[in-house]
Amino acid sequence: MARKVLVLGEVRDGSLRNVSFEAVAAGKTAAEGGEVVGVLIGESVSALAQEMIHFGADRVVAVEDEKLKQYTPDGFSQALMAVIESESPEGLIFGHTALGKDLAPKIAAKLGSGLISDVTSLEEAGGNLVFTRPIYSGKAFEKKIVTDGLLFATIRPNNIAPLEKDESRSGDVSSVSAEIKDLRTIIKEVVRKASEGVDLSEAKVIIAGGRGVKSEEGFEPLKELASVLNGAVGASRGACDADYCDYSLQIGQTGKVVTPDLYIACGISGAIQHLAGMSNSKVIVAINKDPEANIFKVADYGIVGDLFEVVPMLTEEFKKLKVNA
Amino acid sequence: MNIYVLMKRTFDTEEKITISGGKINEDGAEFIINPYDEYAIEEAIQVRDAQGGEVTVVSVGTEEAEKQLRTALAMGADKAVLINTEDDLEDGDQFTTAKILSEYLKDKEADLIIAGNVAIDGGSGQVGPRVAELLGISYVTTITKLEINGSSATVVRDVEGDSEVIETSLPLLVTAQQGLNEPRYPSLPGIMKAKKKPLDELELDDLDLDEDDVEAKTKTIEIYLPPKKEAGKVLEGELEDQVKELVNLLHTEAKVV
């Protein structure tokens, strides 16, 4: 069924985020031959419209207002609702980013529609558009369909491949005016979080502990291994939440993203949030009692065993290696 | 200060997920308060202790959520409400849950509503902002700090690593990000007291809702476990030999040590 799909382009520091092009590709699939309309919202964003078109949007609608310089749920929802009113789309695709996560449910509530969040793939199957998304932090997946009303989804970045950029593509760029008023949340300041403690982002070797470390003292063998390898100690969210270590050690979606040469994950189950922060490490070693732990799926080498047995043995072996070297 | 917390009972994060009969197998699984909702409960208690007022924890679910509601009461919440949908609903989605919660909350004159920013099972993060919109109040998601001064609030929001300092006013809905606080464990006296605190149970009827009003807009057609990926090498043999082999592989094959 051909449908008109609006795709929200997301602008950061004056450029379109990659997820915008992935969303266009998802929009193309969702449109099933219908029109893909890019939407840009900001203070001055229409110059970016051509790029959305090059990546597959048929045309672009922009809403520009100085009150839209920064994202606020009120401002952006007013802008978007004006576009929705003028375009009457049958589908909406946003990125599952901080902005998309914040805005999409508000729009869905306004429209009384469903919303399928954090989609990693979509395809037409058996007359339905089927959305796949992780549940239980990626321990399982579900396939969902929309049963009533608007087809609305947010897509997880880096999962749906963008279409090939074609600079010969052209399309209409128009603007929609919206009255942006009564913003109830005002951004006073944006603070970049300063790194504190061990600089995980720069470390060549990281020994990270998870819930399996069991206590603050449980980090000791990891620290010893790290010191032998001149590495830094990191942690999963689980370990931080359990108070085994400080949040500044946290690696993952909301912590630090690291890419050391060697990442040794000890007692880390491998929640998708954690994997997001470390899966680009050059070599990953997993040590975990649970052979089913997700971490083994991204690990180059794995040892199924108790970290309290394995880690001290590793430390000894590396010491020997250093002596012999 | 009239404070409400939206709470969900979820699988323990450590639970292994298995599927039977096309559904997530719940047999023998441990259940907990959704970890992000624990931050919400803790924050609500702290705000109440500083400002006065009352904390009511609300959950949409089945009778089994009573255990987690009691835990919230033991932590220090004043009242709990279970909106039991067991007899009325087979499947709901976020539209459903938000509709039910907003119907319950619409005449409660809440000053502050706190929810987790996401539930670790479904992982959609929709219900908080949806409820705020349905109630016509503003919201701030993924917060790491909340300061209330009279009817205004200063909130720090985590935005992919950066922090936004946001000024807004009550009534307000916020969703908790990790780092907001450190949820307390229920104390023994807290657990004793919780037994006597009110835990009300409502059904859709009590909210003047029909099944049709809250019928899901989306449907899950399949649940499956991720395919076993061709992962790297899981070593075998005696642990001692595995460790030796690993060090050797890292040194000679991967050349990272």
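Remember, it's a predicted structure, so these values are computed and weren't measured experimentally.

Undergrad: Explanation requested: the pattern of salt bridges in the structure shown.
TA: Opposite charge on two side chains makes pairing possible when the charged atoms of those side chains draw close. Residue and element names in this part refer to chain A. Tallied over the full model, the rule gives 32 salt bridges over all chains. Taking the shortest distance from any N to any O, the salt bridge between Lys-106 and Asp-74 comes out at 3.5 Å. Linking Lys-106 in helix 4 (residues 98-111) with Asp-74 in helix 3 (residues 73-87), this pair joins segments that are 32 residues apart in sequence. Exposure remark for Lys-106: the relative accessible area of 1% places this residue in the buried category. Measuring nitrogen to oxygen at the nearest pair gives 2.8 Å for the salt bridge that ties Asp-118 to Arg-156. With Asp-118 in strand 7 (residues 116-119) and Arg-156 in the loop between strand 11 (151-155) and strand 12 (173-175), the pair connects residues that are 38 residues apart, well separated along the chain. In this structure Arg-156 comes out as buried when scored by relative accessible area, which is 15%.

Undergrad: I tried to follow the interface of chain B and chain A on my own but got confused; where do I start?
TA: Interfaces are often sized by the amount of accessible area the parts lose when they come together. Each partner contributes residues to the interface: chain B has 79 residues there, and chain A has 80 residues. In total, about 7,100 Å² of surface goes out of reach between chain B and chain A, with carbon and sulfur atoms giving 56% of it. Counting across the chain B and chain A interface gives 4 salt bridges. At the junction of chain B with chain A, the criterion picks out 33 residue pairs in polar contact (both at pLDDT 80 or more). No other element matches helix 6 (residues 239-253) of chain B, which puts 11 residues into the side of chain B that touches chain A. Classifying every residue of the side of chain B that touches chain A by side-chain character gives 34 nonpolar, 22 polar and 23 charged.

Undergrad: I tried to follow the packing of aromatic side chains on my own but got confused; where do I start?
TA: The geometry of an aromatic ring pair is captured by two quantities: the separation of the ring centres and the angle between the planes. Counted according to the given criterion, the structure contains 8 aromatic pairs over all chains. Ring geometry for Phe-21 of chain A versus Phe-55 of chain A: centroids 3.8 Å apart, planes at 20°, classification stacked. Of this pair, Phe-21 of chain A sits in helix 1 (residues 18-31) while Phe-55 of chain A sits in the loop between helix 2 (49-54) and strand 5 (59-64), and the two are 34 residues apart along the sequence. Across the pair, exposure class does not vary: Phe-21 of chain A and Phe-55 of chain A are buried alike. Aromatic side chains Tyr-4 of chain B and Tyr-104 of chain B sit 6.2 Å apart centroid to centroid with 75° between the ring planes, which places their arrangement in the edge-to-face category. With Tyr-4 of chain B in strand 1 (residues 2-6) and Tyr-104 of chain B in helix 3 (residues 94-105), the pair connects residues that are 100 residues apart, well separated along the chain. Residue class for Tyr-104 of chain B comes out buried when judged on its relative accessible area of 6%.

Undergrad: Can you walk me through the pairing of strand 18 (residues 301-304) of chain A in this structure?
TA: In summary, the side chains of a regular strand alternate between the two faces of the sheet. As judged from the 4 bridges shared by strand 17 (residues 283-288) of chain A and strand 18 of chain A, these two strands associate in the parallel manner. Looking at the pairing, Ile-287 of chain A lines up with Ile-303 of chain A of strand 18 of chain A. Judged from the 2 bridges that link them, strand 18 of chain A and strand 15 (residues 233-234) of chain B form a sheet pairing that is parallel. If you follow Tyr-301 of chain A over to strand 15 of chain B, its bridge partner there is Lys-233 of chain B.

Undergrad: Even after reading the chapter, I still don't get a negative patch on the surface, so can you show me in this structure?
TA: Residues Asp-205, Asp-206, Asp-208, Asp-210, Glu-211, Asp-212, Asp-213 and Glu-215 of chain B make up a contiguous surface patch of negative charge. The exposure class of Asp-205 of chain B is exposed, given its relative accessible area of 61%.

Undergrad: In this structure, what is going on with the sheet that holds strand 15 (residues 232-235) of chain A? I would like to understand it.
TA: Whether parallel or antiparallel, the strands of a sheet pair through hydrogen bonds between backbone atoms. Judged by pairing direction, the sheet is parallel, and its 6 strands sit side by side in the order 15(A)-14(A)-16(A)-17(A)-18(A)-15(B) without closing on themselves. In this open sheet, the two strands that pair with only one neighbour each are strand 15 of chain A together with strand 15 of chain B. Across 4 bridges, strand 14 (residues 205-209) of chain A lies against strand 15 of chain A in parallel orientation. Of the residues in strand 15 of chain A, the one forming a bridge with Ala-208 of chain A is Gly-234 of chain A.

Undergrad: Explanation requested: the domain arrangement of chain A in the structure shown.
TA: Residue and element names in this part refer to chain A. Domain parsing of chain A yields domain 1 (4-175) and domain 2 (205-323). Facing 4 residues of domain 1, the contacting portion of domain 2 comprises 4 residues. In this assembly, domain 1 packs against domain 2 so that about 350 Å² is buried in total across both faces, 48% of it on carbon and sulfur atoms. It is Ser-137, Gly-138 and Arg-156 in domain 1 that bury the most area against domain 2; as a group they hold 82% of the surface buried on that side. Counting the contacts that link domain 1 with domain 2 gives 0 salt bridges. For the side of domain 1 that touches domain 2, a count of residues per class yields no nonpolar, 2 polar and 2 charged.

Undergrad: I would appreciate a short explanation of the sheet that holds strand 4 (residues 36-42) of chain A in the present structure.
TA: All names here are of chain A. The sheet built from 7 strands is open, its strands ordered 7-11-6-1-4-5-12 with parallel pairing. The open sheet has two edge strands, strand 7 and strand 12, and neither has a second partner. Ignoring strand direction, the axes of neighbouring strands in this sheet form an average angle of 25°. Two elements, strand 7 and strand 11, share 2 bridges in a ladder whose sense is parallel. Its bridge partner lying in strand 11, Ile-116 is registered against Ala-153. Lying over the sheet, helix 1 contacts strand 1 (5-9), strand 4, strand 6 (91-95) and strand 11, oriented at roughly 175° with respect to strand 1. Most of the contacts of helix 4 go to strand 6, to which it runs at about 155°, and overall it touches strand 1, strand 6 and strand 11.

Undergrad: Would you explain the packing of helix 3 of chain A against helix 4 of chain A in this entry?
TA: A packed helix pair is summarised by two numbers, namely the angle formed by the two axes and the spacing between the axes. Residue and element names in this part refer to chain A. Following both chains from N to C, one finds helix 3 and helix 4 inclined at 55°, their axes separated by 10 Å at the closest point. Here helix 3 is positioned oblique relative to helix 4, judged by the angle of their axes. In terms of crossing hand, the pair formed by helix 3 and helix 4 is right-handed. Across the interface between the two elements, Pro-73, Asp-74, Phe-76, Ser-77, Leu-80, Met-81 and Ile-84 of helix 3 pack against Leu-99, Asp-102, Leu-103, Lys-106, Ile-107, Lys-110 and Leu-111 of helix 4. Here the residues of the contact of helix 3 with helix 4 are counted per class, giving 9 nonpolar, 1 polar and 4 charged.

Undergrad: Help me understand a nonpolar patch on the surface, please; the structure alone is not making it clear to me.
TA: There is a patch of nonpolar side chains on the surface, built from Leu-188, Ile-191 and Met-192 of chain B and spanning about 300 Å² of accessible area. Inspection of the secondary structure puts Met-192 of chain B in helix 5 (residues 188-194).

Undergrad: Would you mind showing me how to read the nonpolar core here?
TA: Across soluble globular proteins, you tend to see nonpolar side chains buried next to one another. Ile-41, Leu-80, Phe-94, Leu-103, Ile-107 and Phe-152 of chain A together with Tyr-104 of chain B are the most contacted members of the largest nonpolar core, which has 53 residues in total. The greatest single-element share of this core, amounting to 7 residues, is contributed by helix 3 of chain A. Sequence-distant contacts of Ile-41 of chain A, that is, excluding residues within four places in its chain, are made with Leu-8, Val-63, Leu-68, Phe-76, Ala-79 and Leu-80 of chain A. If you look at the next biggest cluster of nonpolar residues, it comprises 41 residues, including Ala-72, Met-75, Ile-120 and Ala-153 of chain B.

What counts, and at which threshold
Residues numbered from 1 in each chain as written. Chains lettered and ligands numbered in written order. Predicted model: local features only at pLDDT ≥ 70, side-chain atom pairs only at ≥ 80, totals over all residues. Heavy atoms only, no water. Salt bridge = Lys/Arg side-chain N within 4 Å of Asp/Glu carboxyl O. Helix = DSSP H or I, 4+ residues; strand = E, 2+ residues; numbered from the N terminus. Buried < 20%, exposed > 50% of the residue type's maximum accessible area, 1.4 Å probe, protein only. Contact = heavy atoms within 4.5 Å. Buried area = accessible area lost by both parts, 1.4 Å probe. Polar contact = N/O pair within 3.5 Å; in protein donor to acceptor, adjacent residues only side chain to side chain. Nonpolar A, V, L, I, M, F, W, Y, C, P; charged D, E, K, R; others polar. Phe/Tyr/Trp six-rings, centres within 6.5 Å; stacked < 30°, edge-to-face > 60°. Pairing = 2+ DSSP bridges. Patch = residues over 30% accessible without salt bridge, like charges linked within 9 Å, V, L, I, M, F, W, Y side chains within 5 Å. Areas by Shrake-Rupley, 256 points an atom, 1.4 Å probe, with all protein chains shown as cover. Lys, Arg positive; Asp, Glu negative; His and termini not counted. Charge placed at Lys NZ, Arg CZ, Asp CG, Glu CD. Domains from an automatic or database assignment. Axes fitted to C-alpha atoms, helices over the stretch in contact; angles between N-to-C directions. Parallel < 35°, antiparallel > 145°, perpendicular 65-115°, else oblique. Left-handed = near helix turned anticlockwise from the far one by under 90°. Core = buried A, V, L, I, M, F, W, Y, C linked by side-chain atoms within 4.5 Å.

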